[in-house]
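Structure at a glance
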Amino acid sequence: VQLQASGGGVVQAGGSLRLSCAASGRTFSNNAMGWFRQAPGKEREFVAGISWNGGSTLYTDSVKGRFTISRDNAKNTVHLQMNSLKFEDTAVYYCAAGLRAVPQTYGYRYWGQGTLVTVSS
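Residues numbered from 1 in each chain as written. Predicted model: local features only at pLDDT ≥ 70, side-chain atom pairs only at ≥ 80, totals over all residues. Heavy atoms only, no water.

**Quick word on the pairing of strand β1 (residues 2-6)**
Keep this limit in mind: Relative accessibility under 20% of the residue-type maximum defines a buried residue, over 50% an exposed one, and the middle range a partly exposed one, all with a 1.4 Å probe and only protein chains included. What counts as a helix is a DSSP run of H or I of at least four residues, what counts as a strand is a run of E of at least two, and both are numbered from the N terminus. Note on pairing: two strands pair once DSSP finds at least 2 bridges between them.
Burial along β1 is one-sided: Leu3 and Ala5 are buried, while Gln2, Gln4 and Ser6, pointing the other way, are not. In this structure, β1 lies alongside strand β3 (residues 17-24), joined through 5 bridges in antiparallel fashion. Looking at β3, one finds that Gln2 is bridged to Ser24.

**Some remarks on the packing of aromatic side chains**
Formally: When two rings of Phe, Tyr or Trp (its six-membered ring) have centres within 6.5 Å they constitute a pair, described as stacked for plane angles under 30 degrees, edge-to-face for angles over 60, and tilted for the intermediate range. Charge over a ring is defined by NZ of Lys or CZ of Arg lying within 6 Å of the ring centre and within 35 degrees of the ring normal.
Across all of its chains, the model carries 4 aromatic pairs by this definition. Their ring planes at 75 degrees and their centres at 5.5 Å tell us that Phe36 and Phe46 sit as a pair that is edge-to-face. Of this pair, Phe36 sits in strand β4 (residues 32-38) while Phe46 sits in strand β5 (residues 45-50), and the two are 10 residues apart along the sequence. A relative accessible area of 0% means that Phe36 is categorised as buried. With centroids separated by 5.0 Å and ring planes inclined at 55 degrees, the aromatic side chains of Phe36 and Trp111 adopt a geometry described as tilted. With Phe36 in strand β4 and Trp111 in strand β10 (residues 108-111), the pair connects residues that are 75 residues apart, well separated along the chain. The exposure class assigned to Trp111 is partly exposed, which follows from its relative accessible area of 28%. Site record: aromatic cluster; members linked through ring pairs are Phe36, Phe46, Tyr108 and Trp111. The side chain of Arg44 reaches across the aromatic face of Trp111, ending 5.0 Å from its centre.

Right under this line is the structure:
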């Protein structure tokens with residue numbers, strides 16, 4: 001599975017962005033998907049995950065109620081809708097594919113290249 005993340009940009013605090021991750025390969029629908037982020041000088045952290053069929057989602061506490069992960073297996077895409085963005089959401093966002101939607105990086109085998117989200121205060 002090859003992953004291509006897009007949709008990052010600069011947005012004011014309180015604004016919204018929608019990240020997309022396009023996947024190639026016939027096994028996309030068999031994989032759970034996750035979004036992680038990495039801010040400068042910090043470790044990569046889990047943001048959200050979704051099961052292979054979209055029936056189960058998981059979020060880190062800091063984004064609950066603001067971010068929504070979704071997927072379209074017919075289009076081999078996964079999205080992260082980010083609302084009410086805060087300065088501390090600034091990071092490079094990565095999409096990843098793995099067997100289960102878990103909050104650990106080691107649970108994902110395939111990674112996209114990342115897209116930068118900058119939230120101005």
